[in-house]
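Here's the letter readout for the chains.
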Amino acid sequence: MAATLMDGRALAARVRAEVAEDVAALGELALATVLVGDDPASEAYIRHKHAACREVGIEAVDHRLPADAAQEDVVRLVRRLNDDAGVDGVLVQTPLPEQLDEPAVLGEVAPIKDVDGLHPFNAGLLFLGRPAHVGATPLGIMRLLAEYSIRLRGVRAVVIGRSPIVGKPMAMLLLAEHATVTVCHSRTQDLARHTLDADVLVAAVGVTALIAPDMVKQGATVIDVGITRTDAGLVGDVDPGVAESAGYLTPVPGGVGPMTVASLLQNTIKAARYRRGELAFPAG
Ligand code: NAP
């Protein structure tokens, strides 16, 4: 039987409607984005994020620096946004150009405004099981799993990819829901041995058709995070043939992508609540 497609577009529209209500209740709020350079994929992501902000009434402030920007220029801008009382959330679009020390830049974002959850303080809180700001992609995936009532407690979850923005936080969130989590990456030997064991499989790699139909357990839930731009449009990491054996599958496009953007809006609401004292931001 063909897999149930997990409709990220429809759920994201509902999340955005919830966010719009929150914005109306909170009053003015703003997300500042920092884009360094002119990478077309990064530009497209920033455009989507800004459009989504506008739609729900969040002011999106677009800060751009040239591709050859110096470390101190980027740091100065981030510090200015940290100090700006009119800014609730700060997002530095990654990857940054090679000459920049990316961890050092991300470490400059004030933790309370760090809507991507990439500051060591927020990453550490997640690691300790006390999440505050958590990245939008893994959060969006958790919301999608909840929406389709996918069981996580005690199941075997396999995450492919170990980036700070997707794979690692995803593994932590699944662990917090009591899944038994395996993390695979580019040095993993015999990937299929792991994927075939997965009740929940999250592929966050960026390699087209990495997950073939014979690598997926019958009835598994498969979350395709990967995005590769091709002449035929966006494609994920999962071979479409997986729909024949999986129980649930996220389409690309229309699965994780819209949930990421919607969750970023929710994170901006959360940042605004932290700053207004409606939510207590952890002191340490
Ligand atoms: P990344 O930083 O490049 O990480 C990719 C991960 O995949 C790394 O951990 C890498 O292992 C692993 N990997 C590479 N080749 C592999 C292979 N052949 N087998 C197993 N693992 C392999 O990328 P990312 O930022 O996490 O993003 C991953 C993908 O998700 C990209 O396609 C990106 O465009 C997409 N994405 C989508 C959304 C969305 O909203 N849908 C959001 C964010 C990202 P090593 O650590 O060993 O190098």
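The model shown is predicted, which means the values in this text are computed figures rather than measured ones.

**Q** In this structure, what is going on with the overall build of the chain? I would like to understand it.
**A** Counting secondary structure elements, the chain contains 9 helices and 11 strands. Relative to its length of 284 residues, the chain is compact, with a C-alpha radius of gyration of 19 Å against a globular reference of 19 Å. Across the 284 residues in the chain, those meeting the buried criterion constitute 48%. Long-range contacts, defined here as pairs at least 24 residues apart, represent 72% of the contacts in the chain between residues at least 6 apart. A gap of 5 Å separates the mean positions of the 26 positive and 35 negative side-chain charges of the chain.

**Q** Whenever I open this one, the site of the ligand confuses me. Can you help?
**A** Lining the immediate surroundings of the ligand are 21 residues, of which R162, S163, S186, I227 and T260 lie closest. For the ligand, an oxygen atom lies 2.7 Å from a polar atom in the side chain of T260. Relative to its unbound accessible surface of 920 Å², the ligand loses 70% to contact with the protein. Here the shell around the ligand takes 3 residues from helix α9 (residues 256-275), the largest share from any one element. Of the residues belonging to the shell around the ligand, the class tally is 10 nonpolar, 9 polar and 2 charged.

**Q** Can you help me understand α9 in this one?
**A** At 3.6 residues per turn, the α-helix brings residues three or four places apart onto the same side. End to end, α9 covers 28 Å across 20 residues, agreeing with the expected 28 Å (1.5 Å per residue, within 8%). Among the 20 residues of α9, 14 are classified as buried, and the element is accordingly described as predominantly covered. Taken from the residues just after α9, G277 is the one with a positive phi, measuring 80°.

**Q** Sorry, what's going on with the environment of I223 here?
**A** Positionally, I223 belongs in strand β8 (residues 221-224). Given the relative accessible area of 0%, I223 is considered buried. With residues up to four places along the chain from it excluded, the contact list for I223 reads M6, I141, L145, L201, V202, A203, T250 and V256.

**Q** Is there a simple way to think about the sheet that holds strand β2 (residues 30-36) in this case?
**A** Working definition: the strands of a sheet are paired by backbone hydrogen bonds and lie parallel or antiparallel to each other. The 3 strands lie next to each other as β3-β2-β4, forming an open sheet whose pairing is parallel. The open sheet is flanked by β3 (59-65) and β4 (89-92), the only strands paired with a single partner. Between one strand axis and the next, the sheet turns by 20° as a mean value, whatever way the strands run. Across 7 bridges, the pairing between β2 and β3 is parallel. By the bridge assignment for β3, L31 is matched with A60. Sheet strands touched by helix α3 (residues 71-83): β2, β3 and β4. Its angle to β3, the strand with the most contacts, is close to 160°.

**Q** Sorry, what's going on with the pairing of β2 here?
**A** The element β2 is extensively covered by neighbouring structure, given that 7 of its 7 residues are classed as buried. Along β2, one buried face is formed by A30, A32, V34 and V36 and the opposite face, lined by L31, T33 and L35, is buried too. Pairing of β2 with β4 involves 4 bridges; the strand directions are parallel. Paired with T33 across the strands is L91, a residue of β4.

**Q** Where do I start with the packing of helix α1 (residues 8-26) against helix α6 (residues 136-147) in this structure?
**A** Relative placement of two packed helices is described by the angle separating their axes and the distance separating the axes. For the pair α1 and α6, interaxial distance at closest approach is 11 Å and the crossing angle is 110°. When the axes of α1 and α6 are compared, the pair comes out roughly perpendicular. Contacts from G8, L11, R14, V15 and E18 of α1 reach α6 at R143, L144 and E147. Tallied by class, the residues present in the contact of α1 with α6 amount to 3 nonpolar, 1 polar and 4 charged.

**Q** Honestly, the pattern of salt bridges in this entry has me stumped. Any pointers?
**A** When the charged atoms of two side chains lie near each other, side chains of opposite charge can form a pair. Applying the stated criterion across every chain yields a total of 13 salt bridges. Between E18 and R143 there is a salt bridge; the shortest N-O distance is 3.0 Å. Of this pair, E18 sits in helix α1 while R143 sits in helix α6, and the two are 125 residues apart along the sequence. Judged by relative accessible area, R143 falls into the partly exposed class, the value being 24%. D197 is paired through a salt bridge with R156; the nearest N and O atoms lie 3.3 Å apart. Of this pair, D197 sits in the loop between α8 (191-195) and β7 (200-203) while R156 sits in strand β5 (residues 156-160), and the two are 41 residues apart along the sequence. Several salt bridges converge on common partners, so that one network encompasses D22, R273 and E278.

What counts and what doesn't
Residues numbered from 1 in each chain as written. Predicted model: local features only at pLDDT ≥ 70, side-chain atom pairs only at ≥ 80, totals over all residues. Heavy atoms only, no water. Helix = DSSP H or I, 4+ residues; strand = E, 2+ residues; numbered from the N terminus. Rg over C-alpha atoms; globule rule 2.2 N^0.38 Å. Buried < 20%, exposed > 50% of the residue type's maximum accessible area, 1.4 Å probe, protein only. Contact = heavy atoms within 4.5 Å. Lys, Arg positive; Asp, Glu negative; His and termini not counted. Charge placed at Lys NZ, Arg CZ, Asp CG, Glu CD. Near = heavy atom within 4 Å. Polar contact = N/O pair within 3.5 Å; in protein donor to acceptor, adjacent residues only side chain to side chain. Areas by Shrake-Rupley, 256 points an atom, 1.4 Å probe, with all protein chains shown as cover. Nonpolar A, V, L, I, M, F, W, Y, C, P; charged D, E, K, R; others polar. Expected span 1.5 Å × (residues − 1). Pairing = 2+ DSSP bridges. Axes fitted to C-alpha atoms, helices over the stretch in contact; angles between N-to-C directions. Parallel < 35°, antiparallel > 145°, perpendicular 65-115°, else oblique. Salt bridge = Lys/Arg side-chain N within 4 Å of Asp/Glu carboxyl O.

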